[in-house]
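Here's the letter readout for the chains.
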Amino acid sequence: MSLYEPVERWEVPERLIQASICEMAPDGQRGCEGIVLWLGKVSQGAATIEHLVGLTGPLIVKLPDHLRIDPDLFNQMADFSEARGLTLVGQIHSHPGTFVDLSHADITYVGHLVAPREREHAVVNVLRARDARTALVFCATRDGVAHLHGGLVERGFRAVALSGELSQAERN
């Protein structure tokens, strides 16, 4: 049983792409990470984005190296979505001082809410279930990157650990 329907095609209005960039730009200018959520509908492998939610306010902390989102904010977003007949379809994330490029429609964004003690197992299960040739998994800290990398390699995945402590040349 899958918790989500795989998305192969994205239908994102240009106005929502531009709104996503505008929503995250101030965070980047302040040297912090930015985030927006795309709400919409998924049917027959196509995601249609209908609404953008910019996460702001006291329930989210945006720092240079990570975001911290209070679970109550997700509950509010779930109520908002349900009232409109929409679901969370994508999460767009930016890093400080970087240009937000949303032109890669071949990328599937998938998110799962998981208890902290179950994260590594959940990542392994999702990677195995999707049977994807490649995947990017983001962690909140450099220690998290090192820990997850070790766990993935131990389980036979070909994994590469990339974090901010590496130079850009080493990350390329």
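Cut-offs applied
- Residues numbered from 1 in each chain as written.
- Predicted model: local features only at pLDDT ≥ 70, side-chain atom pairs only at ≥ 80, totals over all residues.
- Heavy atoms only, no water.
- Salt bridge = Lys/Arg side-chain N within 4 Å of Asp/Glu carboxyl O.
- Helix = DSSP H or I, 4+ residues; strand = E, 2+ residues; numbered from the N terminus.
- Buried < 20%, exposed > 50% of the residue type's maximum accessible area, 1.4 Å probe, protein only.
- Pairing = 2+ DSSP bridges.
- Phe/Tyr/Trp six-rings, centres within 6.5 Å; stacked < 30°, edge-to-face > 60°.
- Lys NZ or Arg CZ within 6 Å of the ring centre and 35° of its normal.
- Expected span 1.5 Å × (residues − 1).
- Axes fitted to C-alpha atoms, helices over the stretch in contact; angles between N-to-C directions.
- Parallel < 35°, antiparallel > 145°, perpendicular 65-115°, else oblique.
- Left-handed = near helix turned anticlockwise from the far one by under 90°.
- Contact = heavy atoms within 4.5 Å.
- Nonpolar A, V, L, I, M, F, W, Y, C, P; charged D, E, K, R; others polar.

Peer 1: I tried to follow the pattern of salt bridges on my own but got confused; where do I start?
Peer 2: Pairing is possible between side chains of opposite charge, provided their charged atoms come close. What the rule picks out here adds up to one salt bridge. Between Arg-155 and Glu-120 there is a salt bridge whose closest N-O contact spans 2.5 Å. A residue pair is termed long-range when its members are at least 10 positions apart, and Arg-155 in the loop between helix H4 (142-154) and helix H5 (168-171) and Glu-120 in helix H3 (residues 119-130) qualify at 35 residues. By relative accessible area, which is 28% here, Arg-155 ends up partly exposed. With a relative accessible area of 18%, Glu-120 lands in the buried category.

Peer 1: What's the story with the pairing of strand E2 (residues 34-43) in this structure? I'm lost.
Peer 2: Consecutive side chains along a regular strand alternate between the two faces of the sheet. Among the 10 residues in E2, seven count as buried, and that is most of the element. Of the strand pairs in this sheet, E2 and strand E6 (residues 87-94) are connected by seven bridges, and their pairing is antiparallel. Residue pairing in the sheet places Trp-38 in a bridge with Gly-90 of E6. Pairing geometry for E2 and strand E3 (residues 46-54), over eight bridges, is antiparallel. Looking across to E3, one finds that Leu-39 is bridged to His-51. Two successive antiparallel strands, E2 and E3, enclose a turn made up of two residues, where Gln-44 displays a positive phi of approximately 50 degrees.

Peer 1: What am I meant to see in the packing of aromatic side chains here?
Peer 2: Summed over all chains, the structure comprises zero aromatic pairs. Just above the ring of Phe-80 sits the side chain of Arg-84; from NZ or CZ to the centre is 3.6 Å.

Peer 1: What am I meant to see in the environment of Phe-74 here?
Peer 2: Along the polypeptide, Phe-74 turns up in helix H2 (residues 71-84). Look at Phe-74 and you get partly exposed, because its relative accessible area is 23%.

Peer 1: How should I be thinking about helix H1 (residues 14-29) in this particular structure?
Peer 2: Turn by turn, an α-helix covers 3.6 residues, leaving residues three or four places apart pointing in a common direction. A rise of 1.5 Å per residue sets the reference length of H1, with its 16 residues, at 22 Å; its end C-alpha atoms lie 23 Å apart and thus fit the reference within 8%. Within H1, burial applies to Leu-16, Ile-17, Ser-20, Met-24 and Asp-27. Directly after H1, the chain includes Gly-31, whose backbone phi takes a positive value near 80 degrees.

Peer 1: Which parts of the structure should I look at to understand the packing of H3 against H4?
Peer 2: Any two packed helices are characterised by the angle at which their axes cross and by the distance between the axes. As a packed pair, H3 and H4 sit with axes 10 Å apart at the nearest point and diverge in direction by 50 degrees. Here H3 is positioned oblique relative to H4, judged by the angle of their axes. You can see that H3 and H4 cross each other, and the crossing is right-handed. On the side of H3, the interface is formed by Glu-120, Val-123, Val-124 and Leu-127, while H4 contributes His-147, Leu-148, Gly-151 and Leu-152. For the contact of H3 with H4, the residue count by class is five nonpolar, two polar and one charged.

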